[in-house]
Amino acid sequence: MKQRQLTMMGLGSAIGAGLFLGSGAGVQAAGPAVLISYLVAGTLIILVMWALGEMAAAHPSRGAFSVYAEKAMGPTVGSTIGWLWWFQLVVVIAAEALGAAALLSTIWPALPVWAMALVFMILFTAINLTGVRNFGGFEYWFAIFKVAAIVVFLAIGAALVLNLLPGVRSPGLSNLTTDFAPAGLEGVATALFIVIFAFGGTEIVSVAAAETENPSRSIGRAVRTVVWRILVFYVGSVLVIILVLPATSPALASPFNGVLDAARIPGAGTAITIVAVLALLSALNANLYGASRMIYSLAEREQAPRYIQHLSPARVPRRAVTVSVVFGFAATVLELLFPERILPALFQLLGSTCLVVWGSALVSQIILRRRADRAGTPLPVRMRGFPWLTGVALIILAAIFAVGLSAETSRTQLISTALLIAAIAAASTLFRRARSRQPAA
């Protein structure tokens, strides 16, 4: 994979349905104060990506933060983080296939949702089985399309707010200033978890760094480029949505569509639906890649069945891809048989998974950086402001957990995720002990 593909993949993996569809839910939950949620989550993801960039440049690995957690805190922690992230991705893969099919059916009802979801799963499984070069090419063009769509959206939104569109009245700043935080702190907390879920996936860059032409140089450039662009695109888009659409507007169900309708852009609904479909498929592609590399790394470290540790002549972990997509197929079929029952239950378990992954990355970076400094080991990329900035990120993370525990909806997610982590840690310990006894037997 080339450095430009890694950069665009990092950008594209964060620009998905969470922005095109989920941003409206954040505005409904917190009103204009959702900007606070975006700034807090954006600051956190920037610091996490800097920490991951330092570790990925020094130790490029398909297991990324799972490997770093193992190096820093032992095999149980590393295995738990790896399996937790893999489980999150394979569930999201099913949701993205179903979501893309459901959206596409609104403008092209020729095929049923289940058939289109099946086609998407088969297509992107084939892409991931053919090699990282093809995956990188697809993800590069997906990301360019999404970025171009956001740039056009920002331009139209700015023209609307500045009263530059003929025959269309500017909404001014009234939506921003009338009632900034209608739901108070609880609304900001609810929106914060929606925003964090939207930012989830950016860490795939650290996984993909191991398969780039020059990992040490590529990851540093990708992190520097990705983090500020994500913040600009997300905060800019949400600011336009807040200025144009009131927090009580039903158009927030599809916020980009609502803004374009307010600007009286013909064909806006169809255009934004196509963009959202491509965003979901891009995320499906990236998540299948990330899931397959993570479970391959777990097998390579003897923390998953040895069967998965196999590479094709083109060095593609085909068995890892197959295992990852099987769960996606199963979840897709179950959701189609029992609509709105399977995936919501799974997401309840996984709602705060990315917070745990990010926290493990920050703690790992502190331990590994201090270890390298004591040994005098040079690092290709060094996070500036260490350890203070890493400490700031951990404080933000702790504050998010504290706020989350105070709100009923997010409290359930946090408790469910904690129980899942405990179960995975116990299973990982038992598996490792059983594996250690095999040679003696």
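For clarity, every value in this text was computed on a predicted model and none was experimentally measured.

Undergrad: I keep staring at the nonpolar core and nothing clicks. Help me out?
TA: As a rule of thumb, nonpolar side chains are buried together in soluble globular proteins. Counting 122 residues, the largest nonpolar core has Phe20, Val34, Leu44, Phe65, Tyr68 and Trp358 as its most contacted members. A total of 18 residues in this core trace back to one element, the largest contributor, which is helix α14 (residues 268-300).

Undergrad: Whenever I open this one, the side chain of Ser428 confuses me. Can you help?
TA: Turning to its location among the elements, Ser428 is positioned in helix α19 (residues 408-437). A relative accessible area of 7% means that Ser428 is categorised as buried. Beyond its immediate stretch of four places on either side in the chain, Ser428 contacts Ser79, Thr80 and Trp83.

Undergrad: Teacher, can you tell me more about the pattern of salt bridges here?
TA: Side chains that differ in charge, positive against negative, can pair when their charged atoms come close. Per the counting criterion, the structure on display carries four salt bridges. Of the charged contacts in the structure, one is a salt bridge between Arg382 and Asp373, with a shortest N-O distance of 3.3 Å. The class for Asp373 is partly exposed, based on a relative accessible area of 36%. When salt bridges that share partners are traced, they join Glu54, Arg369, Asp373 and Arg382 into one network.

Undergrad: Help me understand a nonpolar patch on the surface, please; the structure alone is not making it clear to me.
TA: A surface patch of nonpolar side chains, amounting to about 430 Å² of accessible area, comprises Ile107, Trp108, Leu111, Phe145 and Ile274. Here Ile274 shows up in helix α14.

Undergrad: Help me understand the packing of helix α5 (residues 65-73) against helix α6 (residues 75-107) in this model?
TA: The axes of two packed helices give the description: the angle between them and the distance between them. Where α5 contacts α6, the axes come no closer than 6 Å and their chain directions differ by 165°. With respect to α6, the axis of α5 lies roughly antiparallel. Both α5 and α6 take part in a crossing whose hand is right-handed. Across the interface between the two elements, Phe65, Ser66, Ala69, Glu70 and Met73 of α5 pack against Pro75, Val77, Gly78, Ser79, Ile81, Gly82 and Trp85 of α6. For the contact of α5 with α6, the residue count by class is seven nonpolar, four polar and one charged.

Undergrad: How should I be thinking about the environment of Trp50 in this particular structure?
TA: With respect to the helices and strands, the residue Trp50 is situated in helix α4 (residues 34-58). For Trp50, a relative accessible area of 34% translates into the label partly exposed. With 312 residues separating them along the chain, Trp50 and Leu362 place their C-alpha atoms 9.6 Å apart.

Undergrad: Quick question: what am I supposed to make of the packing of helix α18 (residues 388-406) against α19 here?
TA: Direction vectors running N to C along α18 and α19 enclose 115°, while the axes themselves pass 5 Å from each other. Residue-level contacts link Phe401, Val403, Gly404, Leu405 and Ser406 of α18 to Glu408, Ser410, Arg411 and Leu414 of α19. For the contact of α18 with α19, the residue count by class is four nonpolar, three polar and two charged.

Undergrad: Help me understand a positive patch on the surface in this model?
TA: There is a patch of like positive charges on the surface, built from Lys71, Arg370, Arg371 and Arg374. Per-element tally for the positive patch: the top contributor is helix α17 (residues 353-375), with three residues. Tracing the sequence through the fold places Arg374 in helix α17. What makes Arg374 exposed here is its relative accessible area of 67%.

Cut-offs applied
Residues numbered from 1 in each chain as written. Predicted model: local features only at pLDDT ≥ 70, side-chain atom pairs only at ≥ 80, totals over all residues. Heavy atoms only, no water. Core = buried A, V, L, I, M, F, W, Y, C linked by side-chain atoms within 4.5 Å. Buried < 20%, exposed > 50% of the residue type's maximum accessible area, 1.4 Å probe, protein only. Helix = DSSP H or I, 4+ residues; strand = E, 2+ residues; numbered from the N terminus. Contact = heavy atoms within 4.5 Å. Salt bridge = Lys/Arg side-chain N within 4 Å of Asp/Glu carboxyl O. Patch = residues over 30% accessible without salt bridge, like charges linked within 9 Å, V, L, I, M, F, W, Y side chains within 5 Å. Areas by Shrake-Rupley, 256 points an atom, 1.4 Å probe, with all protein chains shown as cover. Axes fitted to C-alpha atoms, helices over the stretch in contact; angles between N-to-C directions. Parallel < 35°, antiparallel > 145°, perpendicular 65-115°, else oblique. Left-handed = near helix turned anticlockwise from the far one by under 90°. Nonpolar A, V, L, I, M, F, W, Y, C, P; charged D, E, K, R; others polar. Lys, Arg positive; Asp, Glu negative; His and termini not counted. Charge placed at Lys NZ, Arg CZ, Asp CG, Glu CD.

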